[in-house]
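Here is what each chain is made of, one letter per residue.
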Amino acid sequence: MKEDMYSVEQVADRLGLHVRTVRGYIRSGRLRAVRIGKQYRITAGDLDALTGQAPAATHVSGHAEVSSIVQVDGVDRAVADRLGTLVLASANTGHDQAHPLRVQTVHDEERHRLKIIILGDLAATAELLHLLDAVLNAVLNADNGLLDREVPDA
């Protein structure tokens, strides 16, 4: 990755200093610089270190998203509605508002199939998938009526 490099004159202009002052900073070690031929070059990171600014982002933001499609077979309309409500409620609570989860559910009544489409942050999507997995395992492994019960008002 290539980092921007500035001449002594450019640094002086950016900081509103005299060229001799910048050279003095270099000689005293206050400003790191690389000597190329008869001239000094200062990296953007070294300039930021001198001014106390956070280094400028020279790479991608680091934000990643994932898209997931969960298919659940053998689901009637009532169960599909309850699962959809559960997933949407979970997606809308406690997550980073700058990167919200986007969830859409589609129920195919003829095939008794529910598809849940999740788009969003890696960690939040994983959390939602874990919740969905736990609920589906509870429903499939024990006929406890988890999705058939009414939720009491708090």
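This text gives an overview of the structure that appears in the document. Keep in mind it's a predicted model, so treat the numbers as computed, not measured. (Residues numbered from 1 in each chain as written. Predicted model: local features only at pLDDT ≥ 70, side-chain atom pairs only at ≥ 80, totals over all residues. Heavy atoms only, no water.)

### What to know about the pattern of salt bridges
As a working rule, side chains carrying opposite charge can pair if their charged atoms are close by. Here the structure, examined in full by the defined rule, presents six salt bridges. The salt bridge involving D108 is made with R111; its shortest N-O contact spans 2.8 Å. (Salt bridge = Lys/Arg side-chain N within 4 Å of Asp/Glu carboxyl O.)

### Concerning the nonpolar core
Of all hydrophobic cores here, the largest spans 18 residues; its most connected members are L83, V103, L114, I116, L128 and L132. Secondary structure elements with two or more residues in this core: strand 4 (65–73), helix 4 (77–91), strand 6 (113–121) and helix 5 (122–141). Judged by nonpolar contacts, the second largest core, of eleven residues, contains Y6, V11, A12 and A44. (Core = buried A, V, L, I, M, F, W, Y, C linked by side-chain atoms within 4.5 Å. Buried < 20%, exposed > 50% of the residue type's maximum accessible area, 1.4 Å probe, protein only. Helix = DSSP H or I, 4+ residues; strand = E, 2+ residues; numbered from the N terminus.)

### Thoughts on a nonpolar patch on the surface
A contiguous nonpolar surface patch, about 250 Å² in accessible area, is contributed by M5, V34 and I36. By secondary structure assignment, the location of M5 is in strand 1 (residues 5–7). Here M5 falls in the partly exposed class, since its relative accessible area comes to 38%. (Patch = residues over 30% accessible without salt bridge, like charges linked within 9 Å, V, L, I, M, F, W, Y side chains within 5 Å. Areas by Shrake-Rupley, 256 points an atom, 1.4 Å probe, with all protein chains shown as cover.)

### Structural notes on the side chain of H107
Structurally, H107 can be placed in strand 5 (residues 102–108). Engagement of the side chain of H107 in a polar contact is seen with the backbone oxygen of V75, the distance being 2.8 Å. Aside from chain neighbours lying at most four places away, what touches H107 is V75, D76, R77, A80, H112, R113 and L114. (Polar contact = N/O pair within 3.5 Å; in protein donor to acceptor, adjacent residues only side chain to side chain. Contact = heavy atoms within 4.5 Å.)

### Regarding the packing of helix 1 (residues 8–15) against helix 2 (residues 19–28)
The contact between helix 1 and helix 2 brings their axes to 8 Å, and the two run at 110°. By the angle between their directions, the pair helix 1 and helix 2 is classed as roughly perpendicular. The crossing of helix 1 and helix 2 is right-handed. On the side of helix 1, the interface is formed by V8, E9, V11 and A12, while helix 2 contributes V19, V22, R23 and I26. Broken down by class, the residue content of the contact of helix 1 with helix 2 amounts to six nonpolar, no polar and two charged. (Axes fitted to C-alpha atoms, helices over the stretch in contact; angles between N-to-C directions. Parallel < 35°, antiparallel > 145°, perpendicular 65-115°, else oblique. Left-handed = near helix turned anticlockwise from the far one by under 90°. Nonpolar A, V, L, I, M, F, W, Y, C, P; charged D, E, K, R; others polar.)

### Quick notes on the sheet that holds strand 2 (residues 34–36)
Read from one edge of the open sheet, three strands run 1-3-2, paired in antiparallel fashion. The open sheet has two edge strands, strand 1 and strand 2, and neither has a second partner. On average, each strand axis in the sheet is inclined to that of its neighbour by 40°, with strand direction left out of account. Bridge count for strand 2 against strand 3 (residues 39–43) is three bridges, and the pairing is antiparallel. The partner of R35 across the bridge, within strand 3, is Y40. In the packing of helix 1 onto the sheet, contacts are made with strand 1 and strand 3, and the angle to strand 1 comes to roughly 90°. (Pairing = 2+ DSSP bridges.)

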